[in-house]
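# Structure assessment
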Amino acid sequence: MITFATAPVVRFESLDSTSAEATRRLAQGERGPLWITAQQQTAGYGRSGRSWSTPKGNLAATLVFQPSCPVGASHQLALVTGVAVHAGLSHIFKDSNVDGPSPQLKWPNDVLIDGRKIVGILIESTTYDGTPVVCIGIGVNVGANPVITQPRATTSLSDLGVDVSPEDVRLSVARALDDAVATWAGGAGFDVIRARWLERAGPIGAPFSVHVGESTVHGQFHGLDDDGALLLSNHSGDIQRFAYGDVTLGWHPETKETE
């Protein structure tokens, strides 16, 4: 039985984007499970097409696979992957005997350490003959902080005193994904994943902002709904639901940038 930890890996020294390569292979009939990695990306991207820089020494990987789930449940894999990446990094810290701040999940697809971004996750899904196929892009700052165009804080495993290879990080995350996806069970176990995600996120009541298009809403974290959408409590005490948006933690009225 092929697992995510034992799935074949196609490795590139340089590539425009592992996610773009995954899309090309899907068009050629690839259904996975298959990992695509690159030592360096020249046109990496994240959500909403934002640039994601991958200097050598960092992990750029995309997993292609067919989840056994209804088409409408594949978006839950953003939270499933967040839980898995958190577990994978936690194992690496434990094995490295490095003490420091624990990783924290930020909705919907970032991992932070001490408020600094260390992981970005990109979920892209499509269907072929009515069957969902998912590409999970995972970028981890292993050896260096990326060059960024927005004033947002980042960190790397190297900065935190962890000496590990990108491949070791990928394997740790792959093993954790095996567990998380099995627990998720195509959506049947999403309540367990949701609970795990909330345990690893910021506290209820923490201030933040949600940016959707040209609009920004300020409020306090009120958890996730049963489908994984973000819940915000505004200044009037009303609860607002967001299925999409960019989150900035610790807002103030002048906040303009997203993290």
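Keep in mind that what you see is a predicted model, and the values were worked out from it rather than measured. (Residues numbered from 1 in each chain as written. Predicted model: local features only at pLDDT ≥ 70, side-chain atom pairs only at ≥ 80, totals over all residues. Heavy atoms only, no water.)

### Notes on unusual backbone geometry
The step from G32 to P33 runs through a cis peptide bond, and the omega angle for that step is 5 degrees. The omega torsion across W107 and P108 is -5 degrees, close enough to zero to call that bond cis. With respect to the secondary-structure elements, P108 resides in the loop between β4 (103–106) and β5 (110–113). At D114, a position not held by glycine, the phi torsion is positive, near 55 degrees. Along the polypeptide, D114 turns up in the loop between β5 and β6 (116–128). Given the relative accessible area of 62%, D114 is considered exposed. Residue D129 is not a glycine yet carries a positive backbone phi of 55 degrees. Examined against the element boundaries, D129 turns out to sit in the loop between β6 and β7 (131–140). (Helix = DSSP H or I, 4+ residues; strand = E, 2+ residues; numbered from the N terminus. Buried < 20%, exposed > 50% of the residue type's maximum accessible area, 1.4 Å probe, protein only.)

### Some points on the packing of helix α2 (residues 77–96) against helix α4 (residues 190–199)
One can describe the packing of α2 onto α4 by two numbers: an axis separation of 9 Å at closest approach and a directional angle of 55 degrees. Classed by the angle they form, the pair α2 and α4 counts as oblique. When the axes of α2 and α4 are compared, the crossing they make is left-handed. On α4, the residues that touch L79, V80 and V83 of α2 are F190, I193, R196 and W197. In terms of residue class, the contact of α2 with α4 is made up of 6 nonpolar, no polar and 1 charged. (Axes fitted to C-alpha atoms, helices over the stretch in contact; angles between N-to-C directions. Parallel < 35°, antiparallel > 145°, perpendicular 65-115°, else oblique. Left-handed = near helix turned anticlockwise from the far one by under 90°. Contact = heavy atoms within 4.5 Å. Nonpolar A, V, L, I, M, F, W, Y, C, P; charged D, E, K, R; others polar.)

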